[in-house]
Amino acid sequence: MEKIKVAVIYGGASNEHEVSQGSAKTIIENLNKEKYEILEVYINKEGKWLNKEGEPTILSPNPQEGFINFSENSIAKIIKVDVLFPVLLGKYGEDGTIQGLFEMSRIPYVGCGVLASAISMEKVYSNDILKLLGINGPKYLSYRTGDNINSDFIIKELGLPLFVKPVRSGSSVGISRVKTKEELQNALTLAFEHDSRVIIEESITGRELKCAVLGDGKNNTIASFPGETIVGEAEFNDYDTKYNNPNTKKEIPANVSKEVTEEIRKLSVKIFKALDCTGLARVDFFLNEKGEILFNEINTFPAFTGVSIYPSLMKHMDYSMEALLDELIKISLKTVR
């Protein structure tokens, strides 16, 4: 049987470059080499596309042309592939931009499409859309670069502590937990370094639960049992806690009631479909002290590193890493964009 040629694209010019590299390593190691021929495409931090040999390569927007490699003597070589597997997190990878190029190439690709990627990455718009469906999250305010920001008004509306986040960022990069009025300006400065728009949220006292979703966004869509990341002494689940803290632990499934479990699974699929997602996503929730479930955010390409919770949640659903990757590729080949 002829192997399926898969282009694994990773790296990227975002602040999650290293997470992308670690995720790609896991994926490449676990793709079945008897089924797939793997083409590695690395995007460096400056946004240059390179093949495994370090030569420049580009994905042609001409339908079905594939990748064009350029050697030292400037001879171009076209390499056709069957499916694109973007292992790109954050800006230029998870926000719909590169998905637009994929659409132009007419090559099937793993993951959410342009619209779902763009909306899900944008924390304000995704919250606004889900509110219309009766799915609420923490109270929030949003500001753009150049806006007149009144600290007293923010604290009056949201209280302290509160969270300041770039609107389009992942892996908790650029996020601050603010406990005093004096800390607010530094938090805003940091968030604006990562995006031209920030969201400021009330702090929810309670637990953060995560649910993995896998499917075509139609009838063949499943949600995992929710899991929980135990962060120990950390104030919140920041970048270092996620990837570097040996004391961080995952509890899968989370120790919550059957009713909470089923409601989170139901909501996760509802959110996945409402935002037009395809392939995979991780949906995060808060469970507050009153027992209320609040939407936190959705990640349309969650990390696949050795410590990442999405593949761990799916493993509990009897999907080995190899089986999970098989299913994602199978969905992409059947999806009509």
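One can find the structure itself at the top, above this paragraph.
What you are looking at is a predicted structure, and each value in this text was computed from that prediction instead of being measured. (Residues numbered from 1 in each chain as written. Predicted model: local features only at pLDDT ≥ 70, side-chain atom pairs only at ≥ 80, totals over all residues. Heavy atoms only, no water.)

> Quick question: what am I supposed to make of the pattern of salt bridges here?
Where charged atoms of side chains with opposite charge meet at close range, the side chains can pair. For the structure on display, the rule yields 16 salt bridges. Notably, a salt bridge pairs Lys 165 with Glu 201, separated by 2.8 Å at the nearest N-O pair. Of this pair, Lys 165 sits in strand S9 (residues 162-166) while Glu 201 sits in strand S11 (residues 197-202), and the two are 36 residues apart along the sequence. Judged by its relative accessible area of 8%, Lys 165 falls in the buried class. By relative accessible area, which is 3% here, Glu 201 ends up buried. Its salt-bridge partner being Arg 282, residue Asp 284 comes within 2.8 Å of it at the nearest N-O pair. Residue Asp 284 is classed as buried on the basis of its relative accessible area of 0%. Here the salt bridges do not stand alone but share partners, grouping Glu 208, Lys 210, Arg 282 and Asp 284 into one network. (Salt bridge = Lys/Arg side-chain N within 4 Å of Asp/Glu carboxyl O. Helix = DSSP H or I, 4+ residues; strand = E, 2+ residues; numbered from the N terminus. Buried < 20%, exposed > 50% of the residue type's maximum accessible area, 1.4 Å probe, protein only.)

> Would you mind going over the side chain of Thr 57 with me for this structure?
By the element assignment, Thr 57 lies in strand S4 (residues 57-59). When sequence neighbours within four positions are dropped, the list of residues in contact with Thr 57 reads Val 41, Trp 49, Leu 50, Asn 51, Phe 67, Ile 68 and Asn 69. (Contact = heavy atoms within 4.5 Å.)

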